[in-house]
Amino acid sequence: MRILVTGGAGFIGSHLCESLLKQGHEALCLDNLFRGSKRNIYPFLNHPCLEFIRHDVVQPILLEVDQIYNLACPASPVHYQYNPVKTVKTNVMGTINMLGMAKRVKARILQASTSEVYGDPQVHPQSEEYWGNVNPIGLRSCYDEGKRVAETLMMDYHRQNKVDIRIARIFNTYGPRMSKDDGRVVSNFIVQALRREPLTVYGDGSQTRSFCYVSDLVRGLEKLMACEGITGPINLGNPTEFSILSLAELVKDLTGTRSQIRFDPLPQDDPTRRRPDISAARKLISWDPEVELKDGLGQTIDYFDELLRAEAKDS
Ligand code: NAD
Ligand code: UDP
């Protein structure tokens, strides 16, 4: 199949493109390189079935494809808050453009949604039926509400135009190819530990997240895309919950760093607890994450260690 991956040079998108190529598909990797990097796709840039398209999803584009994974959107709070209006445009106009393409060429389209649609959840763990607790006017709203509108657009194009849709609500995902200045917690802690800088825990570190390794997530996205008869959102994430402080301790142990932990202020609207209920994914697409946090962190630490050493050599 010819498969379009928007945000294809980003962290998750690059792993997805690589996996699709391995399965014999043609991958169209579209990215405006706002956050992604050609370095992420170097390992397969010369693959005969890869096409890189530098393009912004906010602008329309005409392509002929069989499937679309719409991942284009900055995902780290630091980056989606850098230009919040652009974040909203990417989620609204970008999703409309991709849905328009899906409608025109009759392609199946999967939208990368997020656990952020649940906001600071009052229901725990979060299942797909929960409507969420999102601040519509806060600093995170450009992303949270942007993704909620993207879900609305997906459902309306499905109801109105019979577009074949899939919606993945992705929970915190980590792994190699996150950018070192990404600002998200896993990459921050690992880079800080390797540089022997203090690990910056925001608040008292009692807030929780559930971390999914990227290979598990990509397998989940592909399974969701391949399944028949699901239109509603499906949670994809690892249901094992950790406090941020315990994550910092684990990164310290695994890297053997001498870094201390430093407590910094908690950002506005930072969700207190987050854990996916993945019963629907288990039942409907037979998906379960397999990689344990310490193993996935080990892989990610090796990646950043190599990256930082290579950069130190170059400078
Ligand atoms: P990422 O920032 O590494 O990748 C996003 C990619 O989209 C980048 O390469 C960026 O350059 C590109 N992009 C941004 N705006 C664009 C635009 N207007 N036009 C074209 N390209 C654009 O992030 P990621 O972690 O790989 O996330 C991928 C998707 O998954 C995002 O939609 C994100 O919201 C979603 N998601 C990720 C997580 C996670 O924990 N990683 C959790 C929930 C949802
Ligand atoms: N966090 C932290 N230190 C950091 C970066 C993040 O303590 O250097 C915290 C952040 O406040 C949040 C959690 O880690 O409670 C996850 O943050 P991230 O930005 O990775 O993702 P999100 O908040 O979108 O889940």
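Each value, and the rule that gives it
Residues numbered from 1 in each chain as written. Chains lettered and ligands numbered in written order. Predicted model: local features only at pLDDT ≥ 70, side-chain atom pairs only at ≥ 80, totals over all residues. Heavy atoms only, no water. Helix = DSSP H or I, 4+ residues; strand = E, 2+ residues; numbered from the N terminus. Rg over C-alpha atoms; globule rule 2.2 N^0.38 Å. Buried < 20%, exposed > 50% of the residue type's maximum accessible area, 1.4 Å probe, protein only. Areas by Shrake-Rupley, 256 points an atom, 1.4 Å probe, with all protein chains shown as cover. Lys, Arg positive; Asp, Glu negative; His and termini not counted. Charge placed at Lys NZ, Arg CZ, Asp CG, Glu CD. Pairing = 2+ DSSP bridges. Axes fitted to C-alpha atoms, helices over the stretch in contact; angles between N-to-C directions. Contact = heavy atoms within 4.5 Å. Near = heavy atom within 4 Å. Polar contact = N/O pair within 3.5 Å; in protein donor to acceptor, adjacent residues only side chain to side chain. Nonpolar A, V, L, I, M, F, W, Y, C, P; charged D, E, K, R; others polar.

Some words on the overall build of the protein
Along the backbone of the protein there are 10 helices and 13 strands. In summary, the protein has a C-alpha radius of gyration of 19 Å against a globular reference of 20 Å for 315 residues, a match within 12%. By its C-alpha atoms, the protein is 55 × 45 × 40 Å across when sized along the principal axes. Put simply, the protein has 315 residues, and 53% of those count as buried. Carbon and sulfur atoms make up 51% of the accessible area of the protein, which amounts to about 14,200 Å² in all. In the protein, 38 positive and 39 negative side-chain charges are present, and the distance between their average locations comes to 3 Å.

Here's the deal with unusual backbone geometry
Between His 124 and Pro 125 the backbone carries a cis peptide bond, its omega angle lying at -10 degrees. Structurally, Pro 125 can be placed in the loop between strand E5 (108-114) and helix H5 (141-161). For Lys 162, which is not glycine, the phi torsion reads 60 degrees and is therefore positive. Along the polypeptide, Lys 162 turns up in the loop between H5 and strand E6 (165-170). With phi around 60 degrees, Asp 269 is a residue other than glycine that occupies positive phi space. Checked against the element boundaries, Asp 269 lands in the loop between strand E13 (261-264) and helix H9 (279-285).

A few points about the sheet that holds E5
Taken together, seven strands build an open sheet; the order of strands is E3-E2-E1-E4-E5-E6-E11 and the sheet is parallel. Across the chains shown, the open sheet's two edge strands, defined by having one partner strand only, are strand E3 (50-54) and strand E11 (233-236). Here the strands of the sheet are splayed against their neighbours by 20 degrees on average, with no regard to which way each runs. Relative to E6, E5 runs parallel, the two being bridged by six bridges. Residue pairing for E6: Ser 113 is matched across the bridge by Arg 169. Taken strand by strand, helix H4 (residues 84-105) contacts strand E1 (2-6), strand E4 (67-70), E5 and E6, and its axis lies near 170 degrees from that of E4.

Observations regarding the site of ligand 2
Thr 200, Tyr 202, Arg 209, Asp 270 and Arg 274 are the nearest of the 18 residues found near ligand 2. Gln 207 is positioned such that a nitrogen or oxygen atom in its side chain is 3.0 Å from an oxygen atom of ligand 2. At 2.7 Å from an oxygen atom of ligand 2 is found a side-chain nitrogen or oxygen belonging to Arg 209. Coverage of ligand 2 by the protein amounts to 95% of the 510 Å² it exposes when considered alone. For the shell around ligand 2, the elements supplying multiple residues, two or more each, are helix H6 (185-194) and strand E8 (199-202). Looking at the shell around ligand 2 residue by residue, the class counts come to seven nonpolar, five polar and six charged.

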